[in-house]
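# Overview (structure and organization)
Below are the chains, spelled out letter by letter.
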Amino acid sequence: MNQAARTPSIPFWLRWLVPVVLVVGWVAIAGVGGLTFGRLDEVSTNDQASFLPAGAEATEAREWQQKFQDSGEVPAVVVIESDSALTPDQLAAAAGLKTRLEDLRVGSTVVGPVPSRDQKAVQYIVSVAAAEPAGAVEELRSEIRADAPDGTQTFVTGPAGLAADLTGAFAGIDGILLLVALAAVFVILLVVYRSLLLPFAVLLTSVFALCAAILLVFGMAKAGWIQLNGQSQGILSILVIGAATDYALLYVARFREALEHTANRTAAALTAWRASFAPILASGATVAIALLCLLFSDLNSNKALGPVAAAGIVCSLFAALTLLPAFAALLGRAAFWPFRPRLLPEEARAPQLATGLEGQRGLWRGIGTLVSRRPRTVWVASVLLLVVASAGVLQLKANGVPQTAVILSASNAVDGQDALARHFDAGSGSPLVIVSTQGNAGEVLEKVKAADGVGAAYLLAEGSVPITGAAGAPGAPGAPGVPGAPANPAVRDGRVLLNATLDFAADSDAAENAVAAMRASVKGVDPDALVGGVTATALDTKTTAQRDLAAIIPVVLAVILLILMVLLRSVLAPVLLVASVVLSYAAAMGVSALVFNNILGFPGADATVPLFGFVFLVALGVDYNIFLMSRVREESLKHGTRPGILRGLGVTGGVITSAGVVLAATFAALGVIPIMFLVQLAFIVAFGVLLDTVLVRSLLVPALAYDLGRRIWWPGKLSRQDAQDAAAPAPVAVRAS
């Protein structure tokens, strides 16, 4: 009797109707989601508030500062610089430029020109709309380039200039990022499958999942449930493409196996779905829940990424479990053309295993042989290698990076910050913001002026105009260099605002130390005083990130451990798997630190890099262990633990390695965005995934499991019922059939 005759009859609605409905449904979702892709900017912001620590003192100070800026404005610092002292004619031309800046009407106030002590530069403070600073900054740059004195260089920097250039770094990048990622995935799929149709089916699954994720994220952001920024947007595209492709690879591997056992394409699609459902679901749940743990963070940027990325994973999961099986049911063997899988002879479909290496050939047979012959040597050597690599963590400088180093592409604002540092107080472009009660303003001002490292301090009048006459005391007459400056400070709800410029660069350790000392000093005379500004924000961000790292890591590990225990019905195996990916994470961070410091020449790393690296690497690293160990458990139930380990390693080796390469390639595509944080995250995740795929999943975990034997499943039933382990003969090198 042939195979077709033995295959149960599958009704028409299951063979054709359900797959067609699923494909049409996903096409409709993709159509709407694709159109929404271009509208994400409507609900996305790169405003500084989207990255601030939610409960920090600097954030509270910023909220008070905004009350003094009635028009919702932020300052842009216009700098005109000369290589030599400005001539009287050049100073006169600079003075006349103020009128033209006011005529642009980009904001309510223009203060200046304020000359530098060395007479080589002047600066203006121009208020611009906080909501859309990029357009105003571009107008300012065009104006000063056209009308600045001859022989000078011009810059627009400060908070508005830096925000505009940061927005510009993300502008138009989504399309490029997506094309780079898809091109890399397509090439890898062509190499892996040597098929023309299947790569398109997998890519469509990934793209449709991204469209669904965009639609979901857009809706959540529109409703105000989540906060979306350019950073989260870029990571969402990469994560969905990589994760959906990974899940698709696992399903396709099972589908190919099923086609070798049945001639019915629908039966094969259903068999593959049942076999891959649990590991894909466990994998997706692990990553999604781990990402949602970022909601425990006090950093707004982390909170923003958690639900955005988790939504992407959920959409990837559903696409891999619905759309791809529909494609498989419709295409059948044609999906693998021109190398279609053949139906195996009856006797080859359920091989009896003695060693677990039967039927394997090539690289994975060699690795299986190595693991079985010297398991302890293999896993101990792997652990030692990872420990050595982890030593580089001691060189990781995740204490934040200077503002001038965040944007890796050419930036007029970054160059302007350098110009400010050359000619004005090092912190003049990013003054500290002090909020004081009105009655204590004089004492607070004196404390600020007396603080170490303060170059100048003054109260602010309406329009954020400085009051700098007579030692900057309230009621002092006009300030030098600012003719007609107001005499009285602005008051909001009994509070006044002060600015202080430091002798140190705003992004230096010395500046952060000065902020910490100033906070202690001013609270001695005004317990309600707040110290904010760029330096204070950097300090609070670093402190918050370190606190988040300590708080979120245990939660993520506990979640992953519980999911693995449920999936593998064991305690020991999940503990060892989690330990292996944590060690792999440490090794990846160690190597990354060496690369950042000694090859790429980065001055440091963002304070959030370790946490983001942990969440992605540990969650995604466990993914591959889930793919491996779920198959190992399935094979162990049939053949015994040690043969099951070698069998599971052999049949999953190729697909998991391919999945790792795909995910590494997609995350590497983040490197096209010229933002240091994203470039660093791209390297950490890409390298870490490859390390986990090649070393941890291929050698360390199988060798350790093989060495432990059935004890790996402790205290589950499999640890007590696996009688074959004791009787299993030692593997020998037999010729591949």
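Residues numbered from 1 in each chain as written. Predicted model: local features only at pLDDT ≥ 70, side-chain atom pairs only at ≥ 80, totals over all residues. Heavy atoms only, no water.

## Digging into helix α12 (residues 362-373)
Each α-helix turn comprises 3.6 residues. Residues three or four places apart therefore point the same way. Here α12 is 12 residues long and its end C-alpha atoms lie 17 Å apart, about the 16 Å a rise of 1.5 Å per residue gives. Looking only at α12, the buried set comprises Trp364, Arg365, Ile367, Gly368, Thr369, Val371 and Ser372. Its buried side turned inward, α12 meets α13 (375-390), α21 (641-668) and α22 (676-708). (Helix = DSSP H or I, 4+ residues; strand = E, 2+ residues; numbered from the N terminus. Expected span 1.5 Å × (residues − 1). Buried < 20%, exposed > 50% of the residue type's maximum accessible area, 1.4 Å probe, protein only. Contact = heavy atoms within 4.5 Å.)

## Focus: the packing of aromatic side chains
Using the criterion set out here, one finds 11 aromatic pairs in the structure. Ring geometry for Phe186 against Phe200: centres 5.1 Å apart, planes inclined by 55°, an arrangement best described as tilted. Taken together, the residues Phe186 in helix α7 (residues 173-193) and Phe200 in helix α8 (residues 197-222) connect sequence positions 14 residues apart. We classify Phe186 as partly exposed; its relative accessible area is 22%. Judged by centre distance (5.9 Å) and plane angle (65°), the rings of Phe596 and Phe683 are edge-to-face. Of the two residues, Phe596 sits in helix α19 (residues 572-598) while Phe683 sits in helix α22, which places them 87 residues apart along the sequence. (Phe/Tyr/Trp six-rings, centres within 6.5 Å; stacked < 30°, edge-to-face > 60°.)

## Some words on the sheet that holds strand β5 (residues 432-437)
Read across the sheet, five strands follow the order β7-β6-β8-β5-β9 without closing on themselves; strand pairing throughout is antiparallel. Two strands bound the open sheet, and with one partner strand each, they are β7 (466-467) and β9 (530-533). Pairing of strand β6 (residues 454-460) with β7, which is carried by two bridges, proceeds in the antiparallel orientation. Residue pairing in the sheet places Leu459 in a bridge with Ile467 of β7. Docked against the sheet, helix α3 (residues 57-68) engages β5, β8 (495-502) and β9, running at close to 80° with respect to β9. Sheet strands touched by helix α17 (residues 509-522): β5, β6, β8 and β9. Its angle to β9, the strand with the most contacts, is close to 155°. (Pairing = 2+ DSSP bridges. Axes fitted to C-alpha atoms, helices over the stretch in contact; angles between N-to-C directions.)

## Examining the pattern of salt bridges
What the rule picks out here adds up to 17 salt bridges. Note that Glu57 is salt-bridged to Arg519, the shortest N-O span being 3.5 Å. Taken as a pair, Glu57 in helix α3 and Arg519 in helix α17 lie far apart in primary sequence, 462 residues in all. Judged by relative accessible area, which is 18%, Glu57 ranks as buried. With relative accessibility at 11%, the residue Arg519 sits in the buried group. (Salt bridge = Lys/Arg side-chain N within 4 Å of Asp/Glu carboxyl O.)

## Description of the environment of Val531
Considering the arrangement of structural elements, one finds Val531 in strand β9. For the pair Val531 and Ala516, spaced 15 residues apart in sequence, the C-alpha separation works out to 9.0 Å. When residues no more than four places from it in sequence are discounted, the contact partners of Val531 are Glu57, Ala58, Ala61, Val433, Ile434, Val515, Met518, Arg519, Val522 and Ala536.

## Here's the deal with helix α9 (residues 230-259)
If you check α9, its first and last C-alpha atoms are 43 Å apart, about what 30 residues at 1.5 Å a residue would give, namely 44 Å. When you tally the buried positions in α9, you get 27 out of 30 residues, the bulk of the element.

## With respect to the sheet that holds strand β3 (residues 121-129)
Adjacent strands of a sheet pair through backbone hydrogen bonds, lying either parallel or antiparallel. What the four strands build is an open sheet, ordered β2-β3-β1-β4; its pairing is antiparallel. Each edge of the open sheet is held by one strand with a lone partner, namely β2 (110-115) and β4 (153-157). Mean inter-strand twist for the sheet, computed between neighbouring axes without regard to direction, equals 20°. Here nine bridges tie strand β1 (residues 73-81) to β3, and the two strands are oriented antiparallel to one another. By the bridge assignment, Pro75 is partnered in β3 with Ser127. Contacts from helix α4 (residues 88-103) reach β1, β2 and β3, with the element oriented near 5° to β3. Strands in contact with helix α5 (residues 133-147) are β1, β3 and β4; relative to β4, the strand with the most contacts, it is inclined by about 165°.

## Things to note about a nonpolar patch on the surface
A contiguous nonpolar surface patch, about 200 Å² in accessible area, is contributed by Ile29, Val32 and Leu215. Here Leu215 shows up in helix α8. (Patch = residues over 30% accessible without salt bridge, like charges linked within 9 Å, V, L, I, M, F, W, Y side chains within 5 Å. Areas by Shrake-Rupley, 256 points an atom, 1.4 Å probe, with all protein chains shown as cover.)

## Here's the deal with the environment of Ser580
On the secondary structure map, Ser580 appears in helix α19. Here Ser580 falls in the buried class, since its relative accessible area comes to 7%. Between the C-alpha atoms of Ser580 and Val701, which are 121 residues apart in sequence, the distance is 7.5 Å. Beyond its immediate sequence surroundings of up to four residues, Ser580 is in contact with Asn625, Val696, Leu700 and Val701.

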